[in-house]
Amino acid sequence: KKRRPPSVLQVRRIQVSNVRPSSSSASGVAQQRLERVARTVPLDRPWDAPDAEELDGLTFETWIRRTCKTDGGRRFFRVVSAAVWAADPASLSMLHVLFYVHSAGGLDALLDTGGGAQQDRVVGGTQLLAVRLAERLGPGRVRLATPVRRVEWGPGGVSLHADGGVEVHARRAILTGPPTLLGRLSYDPPLPAERDLLTQRVPNGAVVKCMAVYERPFWRDAGLSGQAASDEGPVQVVFDNSPPSGTPGVLLGFLEGTHAIRLSGVPADERRAAVVDAFTGLFGPQAAQPLRYIERDWSAEEWTRGCYGGHMPPGAWTQLGPALARPVGPLHWAGSETGRRWSGYMDGAVESGERAAAEVLAAL
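What you are looking at is a predicted structure, and each value in this text was computed from that prediction instead of being measured.

## Examining the overall build of the protein
When helices and strands are tallied, the protein shows 13 helices and 13 strands. Over its C-alpha trace the protein gives a radius of gyration of 21 Å, about what one expects of a compact globule, namely 21 Å for 364 residues. In terms of overall dimensions, the protein has a C-alpha envelope of 65 × 50 × 45 Å along the principal axes. Sequence-distant contacts, at least 24 apart, represent 68% of the contacts inside the protein between residues at least 6 apart. Of the accessible surface of the protein, which amounts to about 18400 Å², a share of 52% is contributed by carbon and sulfur atoms. Separation of charge centres in the protein, based on 42 positive and 38 negative side chains, amounts to 5 Å.

Following this line, the structure appears as structure tokens:
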């Protein structure tokens, strides 16, 4: 079990059953095959995996069509692709899928609540992690609303230029965030071609997070957990997001991948109707009239431009993977995409920070 954060956060466990295929089903057999191959992918050097180039040239969609013999099995893995990477399986390198599964310790760990990636949530929101850490650093150590725009680097160190005329000079710098966003900074001199090409080849997934608020969690009256997974869109994954007090009732659903891309461009009332219709189909007519509806299109957010993280399309790992975490002069790279264990998740982000800090300490 993970240790509870030291007296600063209250973690609430999500008590719902897990959804997975039986081991004897066609999709269960395909999952076992996928996990067996995933264990052969080195977490520190995915590009050195057996048959790495062949796997990296294969899309997850192609693997699904070749491996899954039933329509149900194919639909299951397509839902997995949207739920985990927020991307269509045709966009994902099979080597990346295998690395990701190995990084988490198995496909079930990526999908599950109890014992898996979706088990806990922080009461008050995960922004409290950043708030509490900033408090421990002390006043004046963290500058807010001061985005860095330009990075000058060389043998003498690093100069960061931020909004408001702010300049910071250092011997070394750790740059953390999705590779695609780091690629939007201005660098002088320009980054080496391999690193710059990498930032162009690691797109974020597409997600719109949607919440419908009700007077109370009426689904619990029928013995329902509030969790749902559906192979029919546009909302394919739903959770009970009600507060610890029990009221109001909140259903949380995600528009992911193709559904997010398609619906992010329609009028807001049309998108709301599509989401509420999906909730109604899953939980009955009481879901049709929420008191409030709240959404956030992460692809439209300036500081995320998509979620849940960056993913590798075909060819990226074997062609450009070594540049993902390799320092460039005094510049070091962190962020959850560079994590080896739980890559793409908070655990991977913490690991990447520890790794980058160790690199800087060794260099200094």
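## Considering helix α3 (residues 60-67)
For α3, the set of buried residues is Phe-60, Glu-61, Trp-63, Ile-64 and Thr-67. Summarising the axial view, the buried residues of α3 lie within an arc of 160°, below the 170-degree limit, and thus occupy one face. α3 presents Arg-65 and Arg-66 as exposed residues on the side facing more than 90 degrees away from its buried surface. Tucked into the core, α3 has its buried residues touching α1 (26-38), α4 (71-85) and α5 (94-104).

## Focus: the layout of surface pockets
Size it by volume and the second largest pocket reaches roughly 290 Å³. Taken together, 19 residues form the lining of the second largest pocket, with Asp-44, Trp-47, Ala-325, Thr-338 and Arg-340 sitting closest to its centre. Per-element accounting of the lining of the second largest pocket gives the leading share, 3 residues, to helix α13 (residues 346-363). Taken together, the residues of the lining of the second largest pocket sort by class into 8 nonpolar, 3 polar and 8 charged.

So, how was this worked out
Residues numbered from 1 in each chain as written. Predicted model: local features only at pLDDT ≥ 70, side-chain atom pairs only at ≥ 80, totals over all residues. Heavy atoms only, no water. Helix = DSSP H or I, 4+ residues; strand = E, 2+ residues; numbered from the N terminus. Rg over C-alpha atoms; globule rule 2.2 N^0.38 Å. Contact = heavy atoms within 4.5 Å. Areas by Shrake-Rupley, 256 points an atom, 1.4 Å probe, with all protein chains shown as cover. Lys, Arg positive; Asp, Glu negative; His and termini not counted. Charge placed at Lys NZ, Arg CZ, Asp CG, Glu CD. Buried < 20%, exposed > 50% of the residue type's maximum accessible area, 1.4 Å probe, protein only. Arc of directions from axis to C-beta. 1 Å grid on protein atoms, 1.4 Å probe; cavity = no way out; pocket = protein on both sides within 12 Å on 5 of 7 lines; lining within 4 Å. Points joined across faces, edges and corners; volume = space filled by probe spheres on them. Nonpolar A, V, L, I, M, F, W, Y, C, P; charged D, E, K, R; others polar.

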